[in-house]
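# Examining the three-dimensional arrangement
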Amino acid sequence: MSIASTNRMTPYLFLAPAGLVLAFALFYPICYMIYASFLDWNPSQRIGEAEFVGLRNYFKLFGDDAFRESMGVTLKFAAVVVTIEMFLGVGLALLLDRNIRGMSVLRTLFILPMMIAPIVVGLMWRYMYHPTVGIFNKTLKSWGFDGIPWLSDGSWAFASVVIADVWQWTPFIFILSLAALQSLPASAIEASKIDGASGWQQIIYIKLPLMLPVLIVTLLLRLIDSFKVLEVILVMTNGGPGLSTEILSLRINRTASEFRELGEAAAMSNLLLIVLLILTFTMFIYNKAQDARAARLRAVEEEV
């Protein structure tokens, strides 16, 4: 083997051990889960004792009203929280994209909700939503209004978990949006000011279009994460009342732990994995397209 070939292979040889460990840790559980989804398996059995039923678990899911409702709640939850978080996060970034005294302290305060464990977030909001001693109903009653059934009414319960998620994850959008704003080329902003563009015109025609690549990646990241929310909703409502807040990850947990149907839970997990893979590949393809577009622009500039 030539020296040049050895030099090319050296990085891969160093990465090989970590790659093998990562492949085993990643692909073995996935393959195990895919295999389990074809079995009629419960916790009292070893996996080798379970009956092979083929695609029966998948057909059973598509005929299950509870599963379809959980999927609908998941899609609704993801759409609502991501839309609100993007609007608030980008809006805050645009509002605070200026030299303000104590900005570093303000950023630290903004990211504090992201640092709190999801279980703690769920407990905190559950206590605040308490019908008699919770801060919200106590405040409403002190103002002469009736208390709100935050967690005992289906519509209010859904709104309550949305508020908790928005409170925790809007800072994520804010931090990435602010970083994108501060990395914009100053020449474009200055040129728009010279041309007489107003503040709104700068935002609509200059800042947001230039931020779009970062915003799309941020949107997809939050969308992926919103499909995996479990602890906050589990602590706050446990999917209730009824199935009004039961998202798919909670249905998977309940199917495995309460109903003891591990094969069905594995089938649900595979369907959720497919959705997340679609979103992940969408982000990957978009990034590749952006890189190709940037390469073409650089080539054109070099020719000129």
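### Some details on the overall build of the chain
Check the secondary structure of the chain and you find 12 helices and two strands. For the chain, the N- to C-terminal ordering of α and β elements is α-β-β-α-α-α-α-α-α-α-α-α-α-α. Relative to the compact-globule value of 19 Å for 304 residues, the chain shows a C-alpha radius of gyration of 25 Å, a clear excess of over 25%. Expressed as lengths along the three principal axes of its C-alpha atoms, the size of the chain is roughly 80 × 70 × 35 Å. Here the chain holds 304 residues, and 34% of them are scored as buried. Sequence-distant contacts in the chain: of pairs separated by 6 or more residues, those separated by 24 or more amount to 67%. On the chain, roughly 18,100 Å² of surface is accessible, and the fraction owed to carbon and sulfur atoms is 68%. For the chain, the distance from the average position of its 23 positive side-chain charges to the average position of its 23 negative side-chain charges is 5 Å.

### Points about a nonpolar patch on the surface
A surface patch of nonpolar side chains, about 400 Å² in accessible area, is lined by V105, L109, L112 and M115. Tracing the backbone shows V105 in helix α4 (residues 103-115).

### A short note on unusual backbone geometry
Residue P241 is reached from G240 by a cis peptide bond, and omega for that bond is -5°. Mapping P241 onto the fold places it in the loop between α10 (231-236) and α11 (248-257). At N238, a residue that is not glycine, the phi angle is positive and equals roughly 55°. Locating N238 in the fold gives a position in the loop between α10 and α11.

### Some details on the pattern of salt bridges
Evaluation of the coordinates by the stated rule reveals nine salt bridges. Between R68 and D65 there is a salt bridge; the shortest N-O distance is 2.3 Å. Residue R68 and its partner D65 are located together in helix α3 (residues 65-95), separated by three residues, close to a single helical turn. On the basis of relative accessibility, which here comes to 44%, the residue R68 falls in the partly exposed class. Judged by relative accessible area, which is 54%, D65 ranks as exposed.

### A closer look at the packing of α3 against helix α9 (residues 199-226)
For the pair α3 and α9, the least separation of the axes is 10 Å and the interaxial angle reads 140°. Crossing handedness for the pair α3 and α9: right-handed. Between α3 and α9, the residues in contact are F77, A78, V81, V82, E85, M86, V90 and L94 and I203, K207, L208, L215, T218, L219, R222, L223 and S226, respectively.

### Quick word on the packing of aromatic side chains
Tallied over the entire structure, the rule returns 15 aromatic pairs. Centroid distance F136 to W150: 5.6 Å. Interplanar angle 50°. Geometry classified as tilted. Of this pair, F136 sits in helix α6 (residues 135-142) while W150 sits in the loop between α6 and α7 (154-182), and the two are 14 residues apart along the sequence. The buried category is assigned to W150, whose relative accessible area is 11%. Taken together, a centroid distance of 5.3 Å and an interplanar angle of 75° make the contact between W150 and W156 edge-to-face. Given a relative accessible area of 37%, W156 falls into the partly exposed group. Feature note: the residues W125, Y129, F136, W150, W156 and W167 constitute an aromatic cluster, connected by ring pairs. The residue whose ring lies beneath K76 is F158, and the NZ or CZ to ring-centre distance is 4.5 Å.

### Considering the nonpolar core
One finds F77, I233, M236 and I247 to be the most contacted residues of the largest nonpolar core, which totals 37 residues. Breaking this core down by element, the ones donating at least two residues are α3, α5 (118-128), α7, α9 and α10. A total of 11 residues in this core trace back to one element, the largest contributor, which is α7. Beyond its immediate chain neighbours, meaning those up to four positions away, M236 contacts G122, W125, R126, Y129, L151, S160, V161 and A164. Counting residues in each nonpolar core, the second largest holds 18 residues, with L220, I224, L276 and L279 among its members.

### Side note on α11
Summarising burial for α11: seven of the 10 residues are buried, a large majority. Within α11, the full set of buried residues consists of L248, S249, L250, R251, I252, R254 and T255.

### Some details on the environment of V161
Its location among the elements puts V161 in helix α7. Residues V161 and I173, spaced 12 residues apart in sequence, show a C-alpha to C-alpha distance of 18 Å.

### Some points on the packing of α5 against α7
Where α5 contacts α7, the two axes come as close as 11 Å, and the packing angle between them is 130°. For the element pair α5 / α7, the angle class is oblique. The element α5 and its partner α7 pack so that their crossing is right-handed. Where α5 abuts α7, its residues P118, V121, M124 and W125 lie against I163, A164, W167 and Q168. Taken together, the residues of the contact of α5 with α7 sort by class into seven nonpolar, one polar and no charged.

Definitions and cut-offs
Residues numbered from 1 in each chain as written. Predicted model: local features only at pLDDT ≥ 70, side-chain atom pairs only at ≥ 80, totals over all residues. Heavy atoms only, no water. Helix = DSSP H or I, 4+ residues; strand = E, 2+ residues; numbered from the N terminus. Rg over C-alpha atoms; globule rule 2.2 N^0.38 Å. Buried < 20%, exposed > 50% of the residue type's maximum accessible area, 1.4 Å probe, protein only. Contact = heavy atoms within 4.5 Å. Areas by Shrake-Rupley, 256 points an atom, 1.4 Å probe, with all protein chains shown as cover. Lys, Arg positive; Asp, Glu negative; His and termini not counted. Charge placed at Lys NZ, Arg CZ, Asp CG, Glu CD. Patch = residues over 30% accessible without salt bridge, like charges linked within 9 Å, V, L, I, M, F, W, Y side chains within 5 Å. Salt bridge = Lys/Arg side-chain N within 4 Å of Asp/Glu carboxyl O. Axes fitted to C-alpha atoms, helices over the stretch in contact; angles between N-to-C directions. Left-handed = near helix turned anticlockwise from the far one by under 90°. Phe/Tyr/Trp six-rings, centres within 6.5 Å; stacked < 30°, edge-to-face > 60°. Lys NZ or Arg CZ within 6 Å of the ring centre and 35° of its normal. Core = buried A, V, L, I, M, F, W, Y, C linked by side-chain atoms within 4.5 Å. Parallel < 35°, antiparallel > 145°, perpendicular 65-115°, else oblique. Nonpolar A, V, L, I, M, F, W, Y, C, P; charged D, E, K, R; others polar.

Keep in mind these numbers describe shape, not what the thing actually does.
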